[in-house]
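# Summary of structural features
Here is what each chain is made of, one letter per residue.
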Amino acid sequence: MAVPHHDVQLDLLSDSLQDHATDLVLAAIPDWKREDVTVTKCTEGITNVILKFTHTSGDVRLVRIYGLKTENIIDRARELTNIRKFHDHALGPPLYATFSNGYLYGYFEGIACDPDHMMDADVYPLIAHKLAMVHKMPVAGHEGHASLLATVDSWLSKLPESFENPEKQRIFESLNVGSLRGEWTTLVEALTALNSPLVMCHNDLLCKNIIYNRATADQPSISFIDFEYAAPSFRGFDIGNHFCEFAGVDSVDYARYPGRELQFSWLREYLSAFKGVPTSAVTDEEILPLYREANKFALAAHFMWGTWAIIQAANSTIDFDYLSYSALRFGEYHRRCAEFLSL
């Protein structure tokens with residue numbers, strides 16, 4: 001069924017943003033009345049603005065408004081296709097309407113995970129199982145086209161040359177941007193030799209993109225949200241990127257990066273779900289190559305998001321210190337590079 005489109009552009013900088021977004025929601029859902037709707041701004045996003053609309057009936061909808069100039073780093077048409085695709089496979093929320101710079105979509109009940117959840121023995125098996133289901137989605141027609149390579153190549157070509165703000169310029173110069181292209185080429189050569197399978201990837205499994213629903217103690221569930229970067233890519237990247245996100249975003253602590261024992265347990269759950277066998281049937285010999293693969297691709301995750309953050313620092317209006325975040329990602333990349341590549 002076709003999703004209705006509203007030819008409306010919401011102004012992120014307007015003091016009346018919530019009122020205008022409410023107008024759009026009411027146009028898309030004629031049965032709703034303004035007096036029956038409560039609007040709250042979700043605070044977790046560092047790329048887009050997300051508004052939550054709660055009706056007195058208990059029904060909830062979300063409006064995602066694209067961050068300024070994010071079309072430079074995100075294929076928005078592909079994002080809409082992803083939402084439909086993941087929903088069709090019971091792995092994502094429904095899409096209700098689109099507008100010129102965003103869309104209206106469904107809400108998953110639960111709480112956004114924090115770094116502690118990602119290390120919780122009651123939670124991380126659910127995350128591993130869900131990611132295995134994503135990786136089993138069909139990717140026919142995309143063979144040989146891993147989004148990681150095209151994405152980073154594109155972003156490297158869009159890096160700013162300088163910043164007017166002296167403090168931003170100081171951090172920018174410390175990143176030695178001129179060397180990034182050569183470093184990326186060297187890293188890609190090492191990663192290509194791993195022959196990591198091409199699968200449908202979420203590509204951005206940070207804690208806030210994982211919703212944990214503890215509605216009943218016997219049947220907790222995990223849902224993934226935010227599919228703007230989802231695309232066929234390397235299995236190892238999706239897993240290694242998730243391991244990097246154990247460190248958190250708002251207060252990054254790479255001491256939280258999972259050690260070998262936790263990774264082996266996580267990967268055992270993943271392979272069990274992917275292969276449809278009990279965890280007892282997954283051997284350490286099967287896990288070890290995937291352990292090496294995931295950690296080597298974790299380097300690519302640091303590289304990709306470090307590059308992303310530089311571009312965001314030049315364009316975004318969201319209150320987030322992107323350049324310092326970039327310095328953290330590249331710092332961890334350099335700190336772990338030799339160690340991970342030697343696995």
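Source: prediction; values computed, not measured.

### Some details on the pattern of salt bridges
Within this structure, the stated rule accounts for 16 salt bridges. For R170, the salt bridge is made with E167, and the minimal N-O distance between the two is 2.6 Å. With R170 and E167 both in helix α6 (residues 166-174), this residue pair falls three residues apart, about one helical turn. As a salt-bridge pair, R335 and E332 come within 2.9 Å of each other at their nearest N and O atoms. Of the two residues, R335 and E332 both sit in helix α11 (residues 322-341), three residues apart, roughly one turn of that helix. Classification of E332 as buried rests on a relative accessible area of 6%. Among the charged side chains, a network of salt bridges with common partners joins R64, R76, E79, D226 and E228.

### Describing the nonpolar core
Residues L148, W184, F224, I239, W266, W308 and I310 are the most contacted members of the largest nonpolar core, which totals 93 residues. The dominant element in this core, judged by the number of residues it contributes, is helix α10 (residues 284-315), at 17 residues. Residues contacting I239, with those up to four places away along its chain left out, are L131, H135, W266, L267, Y270, L290 and A294. Residues I29, V37, I65 and A97 belong to the second largest nonpolar core, which totals 18 residues.

### Thoughts on the sheet that holds strand β10 (residues 221-224)
An order of β7-β9-β10 is seen for the three strands of this open sheet, with the pairing classed as antiparallel. Strands at the two margins of the open sheet, each flanked by one partner only, are β7 (111-112) and β10. Of the pairings in the sheet, the one linking β7 to strand β9 (residues 210-213) comprises two bridges and is antiparallel in character. For I111, the partnering residue across the bridge sits in β9 and is Y212.

### Quick word on the packing of aromatic side chains
Per the stated rule, a full pass over the model turns up 21 aromatic pairs. Here the aromatic rings of W155 and W305 are separated by 6.1 Å at their centres, their planes lie at 50°, and the arrangement is tilted. Taken together, the residues span a long stretch of sequence, with W155 in helix α5 (residues 147-156) and W305 in helix α10 at a distance of 150 residues. Owing to a relative accessible area of 2%, W155 belongs among the buried residues under this scheme. Look at F243 and W266: their rings are 5.3 Å apart centre to centre, the planes differ by 85°, and that puts the pair in the edge-to-face class. Pair noted here: F243 is in helix α8 (residues 235-244) and W266 is in helix α9 (residues 260-275), with a separation of 23 residues, a long-range link. Given the relative accessible area of 0%, W266 is considered buried. Of the aromatic side chains, those joined through ring pairs into one cluster are W155, Y229, W305, W308, F320, Y322 and Y325.

### Some details on the side chain of N295
With respect to the element layout, N295 can be found in helix α10. What makes N295 buried here is its relative accessible area of 2%. Within the local environment of N295, its side chain forms a polar contact with the side chain of Y257, the two groups lying 2.7 Å apart.

### Considerations on the state of the cysteines
Within the structure shown, the criterion is met by zero disulfides. As a non-bridged cysteine, C244 has C337 as the owner of its nearest cysteine sulfur, 12 Å distant. On the basis of relative accessible area, C337 is assigned to the buried category, the value being 17%.

### Let's talk about the environment of A338
With respect to the element layout, A338 can be found in helix α11. Residue classification places A338 among the exposed positions, given a relative accessible area of 63%. In this structure the C-alpha to C-alpha distance between A338 and K296, which are 42 residues apart in sequence, comes to 9.7 Å.

### Quick look at helix α1 (residues 17-28)
Here α1 contains 12 residues, and its C-alpha end-to-end distance of 17 Å stays within 8% of the 16 Å for a straight helix at 1.5 Å per residue. All of the buried residues in α1 are L17, A21, T22, L24, V25 and L26.

Rules behind the numbers
- Residues numbered from 1 in each chain as written.
- Predicted model: local features only at pLDDT ≥ 70, side-chain atom pairs only at ≥ 80, totals over all residues.
- Heavy atoms only, no water.
- Salt bridge = Lys/Arg side-chain N within 4 Å of Asp/Glu carboxyl O.
- Helix = DSSP H or I, 4+ residues; strand = E, 2+ residues; numbered from the N terminus.
- Buried < 20%, exposed > 50% of the residue type's maximum accessible area, 1.4 Å probe, protein only.
- Core = buried A, V, L, I, M, F, W, Y, C linked by side-chain atoms within 4.5 Å.
- Contact = heavy atoms within 4.5 Å.
- Pairing = 2+ DSSP bridges.
- Phe/Tyr/Trp six-rings, centres within 6.5 Å; stacked < 30°, edge-to-face > 60°.
- Polar contact = N/O pair within 3.5 Å; in protein donor to acceptor, adjacent residues only side chain to side chain.
- Disulfide = S-S within 2.5 Å.
- Expected span 1.5 Å × (residues − 1).

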